Amino acid sequence: MSLLTIAEARAQCRVEDDYPNEQLQPYMDAADDAAAAYLNRAIYADQGALDTARDAVPASLGAAQDDYDTAAAAAGAIENDAEAQATLDVAAAKLADARQSAARTINGIVVDASIKAVIRLTLGHLFTNREAVATGQVTELPMGVQPLLRPKRRVMMP
């Protein structure tokens, strides 16, 4: 579910009501994803959605750990060392993904005016610049995305 309504997206992109939703939706989703990726946090529409997602974290991580343990046990029975190591590597990657997702959820944030502004800016940029090729004079415009999000960003140290 997008953090902007289709009406908000249409207004931002200055398109009429008959413009196809399926052409706007990928840009809306990408704008949401870009904001969440920069913040290193999941973004939720309201506190209830954040609380529900947080409540699901223990079970999700428990299932991921169980899957890892099952794969590790299976790897122990594999005679081919390369196949056994690959089985462990895949299981470890899945567990790491689950942990990262859990951390983003635990440190989630409810969308606010700054985040919505960033999503609108990014949506407008993606919609206007739909091609990978630019002609004429190209300059980077200060969009304000980073200054709006930086105070809410969760910086992850190695």
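Residues numbered from 1 in each chain as written. Predicted model: local features only at pLDDT ≥ 70, side-chain atom pairs only at ≥ 80, totals over all residues. Heavy atoms only, no water.

Structural notes on the layout of surface pockets
Thinking step 1. One number sums up the size of the second largest pocket: a volume of about 180 Å³.
Thinking step 2. Element by element, the count of residues in the lining of the second largest pocket is highest for helix α2 (residues 21-39), at four residues.
Thinking step 3. For the lining of the second largest pocket, a count of residues per class yields six nonpolar, one polar and three charged. (1 Å grid on protein atoms, 1.4 Å probe; cavity = no way out; pocket = protein on both sides within 12 Å on 5 of 7 lines; lining within 4 Å. Points joined across faces, edges and corners; volume = space filled by probe spheres on them. Helix = DSSP H or I, 4+ residues; strand = E, 2+ residues; numbered from the N terminus. Nonpolar A, V, L, I, M, F, W, Y, C, P; charged D, E, K, R; others polar.)

Points about the side chain of K152
Thinking step 1. With respect to the secondary-structure elements, K152 resides in the segment after α6 (145-149).
Thinking step 2. Residue class for K152 comes out buried when judged on its relative accessible area of 19%.
Thinking step 3. Within polar-contact distance, the side chain of K152 engages the side chain of D112 at 3.3 Å.
Thinking step 4. Apart from residues no more than four positions distant in its own chain, K152 is found in contact with L39, R41, I109, D112, S114 and I115. (Buried < 20%, exposed > 50% of the residue type's maximum accessible area, 1.4 Å probe, protein only. Polar contact = N/O pair within 3.5 Å; in protein donor to acceptor, adjacent residues only side chain to side chain. Contact = heavy atoms within 4.5 Å.)

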